[in-house]
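Chain by chain, the residues run as shown.
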Amino acid sequence: MTSWQSLHDGWSLTAIGNPEVPEAVASAPVPATVPGCVHTDLLAAGLIPDPYLDEHELMLGWIGRTDWCYQTTFRWDGGDGDRVDLVCAGLDTVATVTLNDVELGRTANMHRSYSFDVRRVLRAGDNVLRVRFDSAYRYAEAEQRRLGARPKAYATPFNFIRKMACNFGWDWGPELVTAGIWQEIGLRTWRTARLAEVRPQVTVAGAEGRVQVRVEVDPADDGDPAVPLTVRATVAGEVAETVLGPGQRGAELTVTVADPELWWPRGYGAQPRYPLAVTLHAGERELDGWHRQIGFRSVRLSTAADEHGSAFTVVVNDLPIFARGVNWIPDDCFPHRVTRQRYAERLRQACDANVNFLRIWGGGRYESEDFYDLADELGLLVGQDFLFSCAAYPEEEPLRTEVRAEAAEQIVRLASHPSLVLWFGNNENIWGWHDWGWQAELADRTWGAGYYFELLPGLLAELDPSRPYWPGSPWSGRPDIHPNDPAHGSMHIWTVWNQLDYTHYRDYLPRFVAEFGWQGPASYATLRRAIPGRELAEDSPAMAHRQKAGDGQLKLARGLDAHLPAPRDFDDWHYLTQLNQARAVSVGVEHLRSYRPVCMGSLVWQLNDCWPATSWAAVDGDGRRKPLWYALRRAYADRLLTIQPRQGGLALVAVNDGGTPWTGRVDVTRLTLAGEPRGKASVELSVPPYSEYTWPLPADVASPDDPRAELLVADPGGDGERSFWFFAEDRELAYPPARYEATVEPSPDGVRVRVTARTILRDLVLAPDRLDPAAEVDEALVTLLPGESATFTVRSAAPLDPAALTARPVLRCVNDMVPQH
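Being a predicted model, the structure only gives us computed values, none of them experimental. (Residues numbered from 1 in each chain as written. Predicted model: local features only at pLDDT ≥ 70, side-chain atom pairs only at ≥ 80, totals over all residues. Heavy atoms only, no water.)

This paragraph deals with the overall build of the chain. Helix and strand counts for the chain come out as 18 helices and 48 strands. Taking all 821 residues of the chain together, 60% fall into the buried category. In the chain, 70% of the contacts between residues at least 6 apart in sequence involve partners at least 24 apart. About 29,900 Å² of surface is accessible on the chain, with carbon and sulfur atoms providing 49% of the total. For the chain, the distance from the average site of its 81 positive side-chain charges to the average site of its 111 negative ones is 1 Å. (Helix = DSSP H or I, 4+ residues; strand = E, 2+ residues; numbered from the N terminus. Buried < 20%, exposed > 50% of the residue type's maximum accessible area, 1.4 Å probe, protein only. Contact = heavy atoms within 4.5 Å. Areas by Shrake-Rupley, 256 points an atom, 1.4 Å probe, with all protein chains shown as cover. Lys, Arg positive; Asp, Glu negative; His and termini not counted. Charge placed at Lys NZ, Arg CZ, Asp CG, Glu CD.)

This is the structure in structure tokens:
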């Protein structure tokens, strides 16, 4: 039977050949953790400051320009004749592996595993294993010189090395170029033969589930050719097996399951999974085993032409799915620190925001087994980018061979996961070639087209034809149509954030938006931890350091100027920019959902952050939910009421993404800011599942007497959230000064704060993390009319001062900016 000896203990780390290395680091080996990386080892040893705090990132560039050697000594007590492989699941990145001073091999790809036959190098007793990592900068720069420069979004040559591109810095993340043994490493011992590769293809046809299992077997040199090898596959009590003939290394088995329970996206049904076991036998002896959980479901991508262009709709079990989605980036610059518990917390935050689709962005990593297992369990659909982003990628050797090996390994690794429903070939590279001046700069040099249009679809056709593939995001589906054409394929909307007011999201009628977003700062407690001991100011060097987007602060200010009162201090700026982020994304999401089924996807950029920053994230780098998260929860609810501009007037749109009809009365009332009615109309809803209904509002309701002093409220009578429409921007509205009463009562795990409005209170936010960094609140962005009340439940183990909890800057609303008379 195959056995495993982990080699995670006893490692040390030594810097090699860089005069910039501090003496404290260069003078002696540093204890190292595996899996891990150089940055976290130096941090644990107290030799560098935390790169996420203050401006420490700028002090640590020497780490990525230094060569490093990891070393450990381990004992080996295995017998002669065993086949023993050193398996390296992840080496970051340019590595030379030696065992007992014998070079086993060299690697240059963070995104794949490597295996070395070490049976002739191992010795009984102590063995010395070294992994030397050369500077990723130096390698990439040398490849750039050799192959010729290619266009890219940032100065560093991240497109010349198969490494997590965002390690080199991005418009939301720091430049921390890592090195290290970032995934497991160990010895695999086996006899006779082992399962080298298992590829399950799970399909559904009518009432029958089929699991087609393709197996590759690796024989040992000491295998007995007279002993037949049997491969067996078992699922749901059904068994298939086959005997390999002499010299045969591959086999294909099909297991048929009658009437399997179907795996559904969250919100559409349950997520049953079935254990799939594949075992290899020599006679009665089991040699190796492979075990996964699978789900029976069908998936296809509908791109049919229609009167609006051509569709881009994910169809699961023959049901078109509106992708209520977010984009996912690496949750930490040091990915070995992202535990299963942390993945579970982050994906639960996605589910609690009513998200059903995650796109894994192409400048990070192929996500882990923990990530995908949790997505399977939770019913989250996943679109995985192949790892090419915002650059022209050379197709010459050795990169082409590395890309092929990496892609093949990841296709096979992820084939068992029902959550994975779509592969994208790249992020924005086809768009870049078309629009960003690349063609003139490239001349006749390669840029990645051979990967996106030939290599990757060819590998998927061979290794996993059960999932759809799309050559890029964005991509229109045809070379004669602009790659970011809203009427065809997937598109990205960045003109709005970069150049326009967020209301311009309504100018688009796309089929599927794979990226759009608006920035806002991290939560107060997150910023306070990241910038300790200094006053927080939006224009301080420390805050500027956390803004990685070009002209990001100017764009935030432009967005505020169009809508909200001018901030008087940092507390105002922080509340208003977070609020504006939430409103901007809500406008986009509600607009896109209101045009279902023409538009069938809204993927907000982005769910998460990798460090404490001002960025597009809904959940900040410390895992705290920003106001945007609460806005997403509301905008992505199964049942959405939204008031939208239509044909020169206003319309009420009811979107039903639930599985039952939505019936009931909705009252739409025009009110003064003081709560006095000025007009009213009602409609009886009858919205079938997975559809929308649009009702033009009568002119006497939709037209204000005084735009500065009136609003609309659409109330479904408790069956869903109310929807508001204000006829003017906040900075123009004749708000009264905010007046309210607030009470604080203890609850089992914190307190309940009840706010009763004496005037209108727009977009109430309670930020208990200003008092206790661990405190959380259940609701945000609550608008109350005069006389209405809302209760906020705060979870906190610390005692919270009631007076501080119910006053600025902890409790905020837009019209607390109006001076009290």
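Here the narrative resumes, following the displayed structure.
The next thing to look at is the pattern of salt bridges. For the structure shown, the criterion picks out 70 salt bridges. A salt bridge links R534 to E55; the nearest nitrogen and oxygen atoms lie 3.5 Å apart. Of the two residues, R534 sits in the loop between α12 (524-530) and α13 (541-545) while E55 sits in the loop between α2 (38-44) and α3 (61-64), which places them 479 residues apart along the sequence. Here E55 falls in the partly exposed class, since its relative accessible area comes to 25%. Here R273 and D373 are joined by a salt bridge, their closest N and O atoms 2.7 Å apart. Placement of the pair is R273 in the loop between β19 (250-258) and β20 (274-282) and D373 in helix α6 (residues 369-378), with a sequence separation of 100 residues. One network of salt bridges, with partners in common, ties together D331, D332, R337, R342, E345 and R346. (Salt bridge = Lys/Arg side-chain N within 4 Å of Asp/Glu carboxyl O.)

This brings us to the sheet that holds strand β18 (residues 238-244). Taking strand neighbours across the sheet as the criterion, the four strands line up as β18-β17-β20-β21 in an open arrangement whose pairing is antiparallel. Across the chains shown, the open sheet's two edge strands, defined by having one partner strand only, are β18 and β21 (285-294). Between one strand axis and the next, the sheet turns by 15° as a mean value, whatever way the strands run. As paired strands, β20 and β21 are joined by nine bridges and run antiparallel to one another. Its bridge partner being in β21, Y274 is matched across the sheet by I294. (Pairing = 2+ DSSP bridges. Axes fitted to C-alpha atoms, helices over the stretch in contact; angles between N-to-C directions.)

Looking at the element boundaries, N109 is found in the loop between β8 (102-108) and β9 (114-117). For N109, a relative accessible area of 0% corresponds to the buried category. Here the side chain of N109 touches H111 through a polar contact of 2.8 Å, landing on its backbone nitrogen. If we skip the residues at most four places from it in the chain, N109 touches L91, T93, Y114, R162, E402 and E406. (Polar contact = N/O pair within 3.5 Å; in protein donor to acceptor, adjacent residues only side chain to side chain.)

We now examine the environment of A350. If you trace the backbone, A350 turns up in helix α5 (residues 340-352). The class of A350 is buried, set by a relative accessible area of 0%. When the C-alpha atoms of A350 and A108 are compared, they prove to be 34 Å apart, with 242 residues separating the residues in sequence. Setting aside chain neighbours within four positions, we find A350 in contact with V355 and L607.

Turning next to the state of the cysteines. As enumerated under the stated definition, the model contains zero disulfides in all. Free cysteine: C333, not disulfide-bonded; nearest cysteine sulfur from C610 at 3.7 Å. Among the residues examined, C333 registers a relative accessible area of 6% and is labelled buried. (Disulfide = S-S within 2.5 Å.)

The next thing to look at is the nonpolar core. With 182 residues, the main nonpolar core has F386 and L632 as its most contacted residues. Broken down by element, this core gets its largest block of residues, eleven residues, from helix α15 (residues 570-594). Non-local contacts of F386, meaning those with residues more than four positions away in its chain, are made with G362, Y366, A407, I411, W423, F424, G425, N426, L456, L460 and Y469. (Core = buried A, V, L, I, M, F, W, Y, C linked by side-chain atoms within 4.5 Å.)

Below, the discussion takes up the packing of aromatic side chains. One pass over the full model with this rule turns up 40 aromatic pairs. Here Y274 and F296 contribute two aromatic rings whose centre-to-centre distance is 5.3 Å and whose plane-to-plane angle is 75°, an arrangement assigned as edge-to-face. Within this pair, whereas Y274 is found in strand β20, its partner F296 is found in the loop between β21 and β22 (299-302), the two being separated by 22 residues in sequence. For the pair formed by Y274 and F296, the shared burial category is buried. A ring pair is formed by Y343 and F371, whose centres lie 5.9 Å apart and whose planes are at 80°; its orientation type is edge-to-face. (Phe/Tyr/Trp six-rings, centres within 6.5 Å; stacked < 30°, edge-to-face > 60°.)

Here the focus is the sheet that holds strand β42 (residues 740-747). Taking strand neighbours across the sheet as the criterion, the four strands line up as β42-β43-β47-β45 in an open arrangement whose pairing is antiparallel. If you trace the sheet from one side to the other, it starts and ends with β42 and β45 (776-777), each paired once. Across eight bridges, β42 lies against strand β43 (residues 750-757) in antiparallel orientation. Looking at β43, one finds that S747 is bridged to G750.

Its place among the elements puts H545 in helix α13. The buried category is assigned to H545, whose relative accessible area is 8%. With residues near it in sequence (within four places) discarded, H545 still touches D54, E55, E57, L58 and W611.

Moving on: α15. Working note: α-helix, 3.6 residues per turn, so residues spaced by three or four point in the same direction. Along its 25 residues, α15 runs 36 Å from first to last C-alpha, staying within 8% of the 36 Å computed at 1.5 Å per residue. Within α15, 24 of the 25 residues are buried, which leaves it mostly tucked inside the rest of the structure. Where α15 begins, one side-chain oxygen reaches toward the backbone nitrogen of D571, 3.2 Å away; that side chain belongs to D569. (Expected span 1.5 Å × (residues − 1).)

Attention now moves to the packing of α15 against helix α16 (residues 627-635). Where α15 contacts α16, the two axes come as close as 8 Å, and the packing angle between them is 20°. With respect to α16, the element α15 is oriented roughly parallel. For the pair α15 and α16, the crossing hand works out as right-handed. Here Q578, Q581, A582, V585, S586, V589, E590 and R593 of α15 come into contact with α16, specifically with P627, L628, A631, L632 and A635. Considering only residue class, the contact of α15 with α16 consists of eight nonpolar, three polar and two charged. (Parallel < 35°, antiparallel > 145°, perpendicular 65-115°, else oblique. Left-handed = near helix turned anticlockwise from the far one by under 90°. Nonpolar A, V, L, I, M, F, W, Y, C, P; charged D, E, K, R; others polar.)

Bringing helix α10 (residues 449-463) into the picture now. In a regular helix each residue adds 1.5 Å, so 15 residues correspond to 21 Å; α10 covers 20 Å between its end C-alpha atoms and thus fits that length. Approximately 30° is the largest bend angle found in α10, and it occurs at L455, with the proline P457 only one to four residues beyond. Within the span of α10, buried status applies to G450, Y451, Y452, L455, L456, L459, L460 and L463. If you follow the buried residues of α10, they end up packed against β15 (193-205), α7 (399-413), β30 (420-424), α8 (429-435) and β31 (469-470). (Bend = angle between axes of the 7 residues up to and from the residue.)

Burial analysis of strand β29 (residues 381-385) places five of its five residues in the buried class, which makes it a mostly covered element. Residues L381, G383 and D385 of β29 are buried on one face, and the alternating residues V382 and Q384, pointing to the opposite face, are buried as well. Here four bridges tie strand β28 (residues 357-360) to β29, and the two strands are oriented parallel to one another. Counted as the bridge partner of R359 is G383 from β29. Handedness of the crossover is the feature at issue here: the chain leaves β28, passes through α6, returns alongside β29, and the resulting connection is right-handed. Here β29 pairs with β30 via four bridges, running parallel. Looking at β30, one finds that D385 is bridged to F424. You can see the chain leave β29, run along α7 and come back into β30, and the turn it takes is right-handed. (Right-handed = clockwise from strand over helix to strand, strands pointing away.)

The next subject is the environment of H336. Counting through the fold element by element, H336 comes out in the loop between β27 (323-328) and α5. Ignoring any residue separated from it by four or fewer positions in sequence, one finds H336 in contact with P35, G36, C37, T40 and W182. A polar contact of 3.1 Å, which involves the side chain of H336, links it to the side chain of T40.

That is the geometry; function is a separate question.
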